[in-house]
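Structure at a glance
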Amino acid sequence: MKPDAESIPNKINAPKQIRGGFDDRVVDFHLIHNQKTEDVRVFIDIIDSKPNDVILDGMDGYGAVAREILDTTEPKGFQPEIYTVDESVVQVERARQNMPDVQEDHLVQADIRNMPFEDKKFNTVIIKMGIHELPKSAQPDILKEVSRVLKPGGKFVTWELSFPDEASQVIFQDIIRKKDELAGFNRLVENRYFPRQDELLKLFADAGFEKVEVAHKVDAKLSMRVREQELVSKERKQIMSEEGTLTAEKEKELAELGKERCDQLVAFIKEYMSRVPESIRKQMEYYESENDTFLSPNKDIILGYKPESV
Ligand SMILES: C[S@@+](CC[C@H](N)C(=O)[O-])C[C@H]1O[C@@H](n2cnc3c(N)ncnc32)[C@H](O)[C@@H]1O
């Protein structure tokens, strides 16, 4: 049995070596993931919040999913009790600003693998684009912990990269690793593992989830040009923390640096993809324009239930 979040609000328990990346990566996830309204609607339908539900949005960033749940249930005349968990101080602060209507002690700073919640607290746990943030060897611990905090019969829903084969997994991992290197997100370079669909399904099975289902394929066409701001997010954060403001001149310098890095990224991808067989390029829906590249990594919404008997 673990203590409840109310008794230890905003507990910082993430191991030092995995902290850092998302304190610097201040981006609009909606924009860089090119998220579609229709996919979000399907996700919210699958989550299917009920009055009196206690829901956890895990690895929530600025709480976009939690926000969506609250905004879509309010017109129906109810609000589930929402908690969020993220290990990054900066993201928890963003969540606080995004959800002034959620009690502050429900916006918890913690490692998803070691949450300060008692067993069997939640009806539903959600993790959107989070599992891949941890190394492959650590991903089973996420689902074990999610299962621990779910009520018997409770539901786990994830929206995650979910590659059909090793080739597309490796290609996407190499491309995003290059982007993270250029942006100076060293923790992300070290930690991230983008799972294949069969690996995700095995994580669910190994953690004891039942009635596991790939419920929806997410539309995910990605442009690299939209990454210009992300590629200088670390520097922007540093200037702001040292100088407290961003002059027009500094803003211009950052924009130029972001463009330069994005040019390097696009050049890297074009060269890399020129060595990839046509059949795989086609499967990943890869194409190029003069100054951009596009590809569609597979993303799925997958759900499963904790057995009633546990
Ligand atoms: C790609 S973002 C997704 C955010 C949000 N779910 C969304 O889709 O908008 C991944 C988030 O996972 C958080 N994260 C990474 N490792 C974590 C860990 N071990 N425990 C909790 N949160 C973590 C990061 O700080 C970041 O906010």
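Presented here is a report on the structure given in the accompanying data block. (Residues numbered from 1 in each chain as written. Predicted model: local features only at pLDDT ≥ 70, side-chain atom pairs only at ≥ 80, totals over all residues. Heavy atoms only, no water.)

**Description of the pattern of salt bridges**
Selection criterion: Just to be clear on terms, a salt bridge is a Lys or Arg side-chain nitrogen sitting within 4 Å of an Asp or Glu carboxyl oxygen. Relative accessible area decides the class of each residue, using a 1.4 Å probe on protein chains only: under 20% of the type maximum gives buried, over 50% gives exposed, and in between gives partly exposed.
Counted under the stated rule, the structure contains 30 salt bridges. Residues K50 and D48 are paired through a salt bridge, measuring 2.6 Å at the closest nitrogen-oxygen approach. On the accessibility criterion, D48 (38% relative accessible area) is partly exposed. Its salt-bridge partner being E190, residue R187 comes within 2.7 Å of it at the nearest N-O pair.

**Quick look at the sheet that holds strand β5 (residues 150-161)**
To keep it simple, the criterion reads: Two strands pair under a simple rule: DSSP has to find at least two bridges between them. Counting from the N terminus, the helices are the DSSP runs of H or I reaching at least four residues and the strands are the DSSP runs of E reaching at least two. Helix axes are fitted to C-alpha atoms over the stretch in contact, other axes to C-alpha atoms as well, and angles between N-to-C directions run from 0 to 180 degrees. Contact between two residues is taken to exist if any of their heavy atoms lie within 4.5 Å; hydrogens are not considered.
Strand order in the open sheet formed by seven strands is β3-β2-β1-β4-β5-β10-β6, and the pairing between neighbours is mixed. Strands at the two margins of the open sheet, each flanked by one partner only, are β3 (107-109) and β6 (210-218). Direction aside, the axes of adjacent strands within the sheet are offset by 15° on average. When strand β1 (residues 54-58) meets strand β4 (residues 122-128), the two strands line up parallel, connected through four bridges. Bridge assignment links I55 to a residue of β4, and that residue is T124. Set on the sheet, helix α3 (residues 37-47) makes contact with β4, β5, β6 and β10 (299-305); between it and β5 the angle comes to about 165°.

**Considerations on empty space enclosed by the protein**
Short version of the rule: A cavity here means a set of points on a 1 Å grid, drawn over the protein atoms and nothing else, where a 1.4 Å probe fits but cannot get out; a pocket is an open set with protein on both sides within 12 Å along at least five of seven lines, and a residue lines either one if it has an atom within 4 Å of a point. Grid points are joined across faces, edges and corners, and a volume is the space filled by probe spheres set on the points.
Here the structure, examined in full by the defined rule, presents three cavities of 30 Å³ or more. The space that makes up the largest cavity amounts to roughly 100 Å³. Taken together, R25, H33, M129, H132, L161, F172, I176, R192, F194, L222, R227 and K299 make up the full set of residues lining the largest cavity. Each pocket or cavity is described by its volume, and for the second largest cavity that value is around 40 Å³. Taken together, Q173, I176, R177, D180, L188, V189, R192 and F194 make up the lining of the second largest cavity. Counting only elements with at least two residues in the lining of the second largest cavity, the list comes to α7 (166-183) and α8 (186-191). Per element, the largest residue contribution to the lining of the second largest cavity is four residues, and it comes from α7.

**Here's the deal with α7**
Note the threshold: One less than the number of residues in a helix, times 1.5 Å, gives the span that helix is expected to have. Pairs of N or O atoms are called polar contacts if they sit within 3.5 Å, as long as, within protein, a hydrogen donor faces a hydrogen acceptor (for residues adjacent in sequence, only side-chain-to-side-chain pairs).
The end-to-end C-alpha separation of α7 is 26 Å, in line with the 26 Å expected for 18 residues at 1.5 Å each. Residues of α7 that are buried: S168, Q169, I171, F172, Q173, I175, I176, K179, D180, L182 and A183. Regarding α7, its N-cap is D165, as a side-chain oxygen of that residue lies 3.4 Å from the backbone nitrogen of A167 further along. Note on α7: the residue one or two positions beyond its end, G184, has a positive phi of about 75°.

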